[in-house]
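What follows is each chain in one-letter form.
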Amino acid sequence: MEKSSSNIKFIFFDAGGVLFDTFQKGDDRIRTLLAARGYQIAEINKAIRKAKEQKLSFITKWEEEEQYYKRFYGAIAEELGEDDLTNELFYLLL
């Protein structure tokens with residue numbers, strides 16, 4: 001078997017819709033999940049609006065992105081009165 005050589009030095013992966021796309025986009029995924037859990041659409045929308053009020057800083061590494069989404073989903077959970085919901089949203093929606 002011959003070993004092939006290549007000029008490729010780097011490959012960058014971006015899961016932001018470049019290599020694959022999700023069936024439902026961000027807010028719709030949140031709405032679908034929470035509506036299935038019995039939350040009303042009006043209270044879900046209010047929680048999403050509240051979460052979007054947080055400042056989005058420049059993200060350069062995974063730890064920063066992780067903290068952003070934990071704050072974002074935490075704000076939703078807090079608005080819904082369910083602080084335990086934060087990790088579930090993080091793991092199911094990210």
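For the structure given in this document, a descriptive report is provided here. (Residues numbered from 1 in each chain as written. Predicted model: local features only at pLDDT ≥ 70, side-chain atom pairs only at ≥ 80, totals over all residues. Heavy atoms only, no water.)

**Looking at the side chain of T86**
Position of T86 among the secondary structure elements: in helix 4 (residues 85–93). Here D83 takes part through its backbone oxygen, which lies 3.1 Å from a polar atom of the side chain of T86. Here T86 is in contact with K70, Y73, G74 and A77, once residues within four sequence places are set aside. (Helix = DSSP H or I, 4+ residues; strand = E, 2+ residues; numbered from the N terminus. Polar contact = N/O pair within 3.5 Å; in protein donor to acceptor, adjacent residues only side chain to side chain. Contact = heavy atoms within 4.5 Å.)

**Let's talk about the nonpolar core**
Within the largest apolar cluster, 19 residues are counted, with the highest numbers of intra-cluster contacts made by I30, L34, Y73, I76 and L89. Within the residue set of this core, elements represented by two or more residues are helix 1 (26–36), helix 2 (41–51), helix 3 (62–79) and helix 4. With six residues, helix 3 is the single largest residue contributor to this core. When residues no more than four places from it in sequence are discounted, the contact partners of L89 are L33, L34, Y73, I76 and L94. (Core = buried A, V, L, I, M, F, W, Y, C linked by side-chain atoms within 4.5 Å. Buried < 20%, exposed > 50% of the residue type's maximum accessible area, 1.4 Å probe, protein only.)

**So, helix 2**
Those residues of helix 2 lying buried are I44, A47, I48 and A51. What you see down the axis of helix 2 is that its buried residues fit within an arc of 100°, all on one side. The outward face of helix 2, more than 90 degrees from its buried face, is lined by the exposed residues A42 and R49. Each element contacted by the buried residues of helix 2 is listed here: helix 1 and helix 3. (Arc of directions from axis to C-beta.)

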